[in-house]
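Here's the letter readout for the chains.
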Amino acid sequence: MRDLTRYRNKLIQHTASEKNRIMRILETCNIKLSVMSHLDGAVATKLIDLLIDKGHVTMDDILVCAIKDLKPVLNLFIRLVKAL
C-alpha cells in the first residue's frame, strides 16, 4: 500500500510539472492562458488544440470555445488578446 501511495504522489507531481511546463512555454510565446482557472480545462484545451492546428487563434475561435462558466472572464481575455 505504501508503494502505491508513493507512486500516486509521483504521478501527481509529474502531472503538475508538465502543466507548469506547458504554461511556461505558452507564456514565453506571449500566450497568456492564466485568466482561466485550469490549464487542463475544456476551454483551455480547445484553445491550445486550435493554436496547434491553425498556428493562430482568432476572436471568433475564442467565442466558439467559450462556455457559460467562462463568460464572466471572456471580456478580460479579449482585452488581453487585443493588448498583444
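Look a little higher up for the structure.
First, a word on what this report is: a plain description of the structure on this page. (Residues numbered from 1 in each chain as written. Predicted model: local features only at pLDDT ≥ 70, side-chain atom pairs only at ≥ 80, totals over all residues. Heavy atoms only, no water.)

1. Structural notes on the pattern of salt bridges
Right, so step 1: Tallying each qualifying case throughout the model produces one salt bridge.
Right, so step 2: A salt bridge links Glu-18 to Arg-21; the shortest N-O distance between them is 2.7 Å. Taken together, the positions of Glu-18 and Arg-21, both in helix α1 (residues 2-28) and three residues apart, correspond to about one turn of that helix.
Right, so step 3: What makes Glu-18 partly exposed here is its relative accessible area of 28%.
Right, so step 4: Owing to a relative accessible area of 40%, Arg-21 belongs among the partly exposed residues under this scheme. (Salt bridge = Lys/Arg side-chain N within 4 Å of Asp/Glu carboxyl O. Helix = DSSP H or I, 4+ residues; strand = E, 2+ residues; numbered from the N terminus. Buried < 20%, exposed > 50% of the residue type's maximum accessible area, 1.4 Å probe, protein only.)

2. Regarding helix α2 (residues 42-54)
Right, so step 1: If you check α2, its first and last C-alpha atoms are 18 Å apart, about what 13 residues at 1.5 Å a residue would give, namely 18 Å.
Right, so step 2: Among the residues of α2, those classed as buried are Val-43, Ala-44, Leu-47 and Ile-48. Angular distribution of buried residues about the axis of α2 spans 130 degrees; they occupy a single face of the element. Seen from the buried face of α2, the exposed residues on the opposite side, beyond 90 degrees, are Ala-42, Ile-52 and Asp-53.
Right, so step 3: Gly-55 occupies a position one or two residues after α2 and carries a positive phi of about 90 degrees. (Expected span 1.5 Å × (residues − 1). Arc of directions from axis to C-beta.)

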